[in-house]
Amino acid sequence: EKAAKQPSRLDDPNWLRGTLLTYTEKVLALESQVDELKPSKAALDRISEADGSMCITDAAKALQMRPKDLFSYLEQNGWIYRRTGNSHYLGYQPKAVQGLLEHKVTTVLRADGTEKINEQVRITPKGLTKLAKLIQPVAQAA
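Just so it is clear, the model here is predicted, and its values are computed rather than measured.

Student: In this structure, what is going on with the pattern of salt bridges? I would like to understand it.
Tutor: The full count for this structure, using the stated rule, is 1 salt bridge. A salt bridge links Asp 69 to Arg 66; its shortest N-O distance comes to 2.9 Å. Judged by its relative accessible area of 26%, Asp 69 falls in the partly exposed class.

Encoded structure:
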């Protein structure tokens, strides 16, 4: 003999109605969250497309963190490094190619008439936007 077919939940209109209502509420809640996030996304888009760049200390201020912590993060996560014997930081080439970092080179005339070249790694707006997404805000010690 054939076994009697078990009734499916899909045949139960009350279960279907309840399930549909639950998922409709979830969709509405998510749509509301998306609407709340749209201004923040627009602001980040504007920042990432802006011109110019900023030094790491100013970038830290923009990210609301201590400069020391940002330097440490960038060094530990393959954004910047120091050559042996040099005090200034350089950016890793892949980050520069991605448009996250750039190098500012300036020539300074010394009092004795010789020139000195200063090099500074800078965070681009695109880099600042990427860092804002990567670095989670941490409680700062006062």
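Student: Could you clarify how one ought to interpret the packing of aromatic side chains in this entry?
Tutor: Two descriptors summarise a pair of aromatic rings, namely the distance from one centre to the other and the angle between the planes of the rings. Evaluation of the coordinates by the stated rule reveals 2 aromatic pairs. Between Phe 71 and Tyr 89, the ring centres sit 5.2 Å apart and the planes meet at 35°, which makes this aromatic pair tilted. Here Phe 71 is found in helix H3 (residues 67-76), whereas its partner Tyr 89 is found in strand E3 (residues 89-91), with 18 residues between them in sequence.

Student: Explain the side chain of Lys 95 to me, please; I cannot follow it from the model alone.
Tutor: With respect to the element layout, Lys 95 can be found in helix H4 (residues 93-97). Residues within four places of Lys 95 in sequence aside, it is in contact with Gly 78, Trp 79, Leu 100 and Leu 101.

Student: Is there a simple way to think about the nonpolar core in this case?
Tutor: Grouped together as the largest cluster of nonpolar side chains are 16 residues, with contacts concentrated most on Ile 56, Leu 70, Leu 74, Trp 79, Ile 80, Ile 123 and Leu 131. The set of elements that each furnish at least two residues to this core consists of helix H2 (56-62), H3, strand E5 (115-123) and helix H5 (125-134).

Student: In this structure, what is going on with the pairing of E5? I would like to understand it.
Tutor: On a regular strand, each side chain points to the face opposite its neighbour's, so the side chains alternate between the two faces of the sheet. Where strand E1 (residues 54-55) and E5 come together, 2 bridges link them in antiparallel fashion. From the neighbouring strand, Met 54 faces E5, where its bridge partner is Ile 123. Alignment of strand E4 (residues 101-109) against E5, held across 9 bridges, turns out to be antiparallel. Bridge assignment links Thr 106 to a residue of E5, and that residue is Asn 118. The hairpin turn running from E4 into E5, its antiparallel successor, is 5 residues long, and Gly 113 in that turn takes a positive phi close to 90°.

Criteria and thresholds
Residues numbered from 1 in each chain as written. Predicted model: local features only at pLDDT ≥ 70, side-chain atom pairs only at ≥ 80, totals over all residues. Heavy atoms only, no water. Salt bridge = Lys/Arg side-chain N within 4 Å of Asp/Glu carboxyl O. Buried < 20%, exposed > 50% of the residue type's maximum accessible area, 1.4 Å probe, protein only. Phe/Tyr/Trp six-rings, centres within 6.5 Å; stacked < 30°, edge-to-face > 60°. Helix = DSSP H or I, 4+ residues; strand = E, 2+ residues; numbered from the N terminus. Contact = heavy atoms within 4.5 Å. Core = buried A, V, L, I, M, F, W, Y, C linked by side-chain atoms within 4.5 Å. Pairing = 2+ DSSP bridges.

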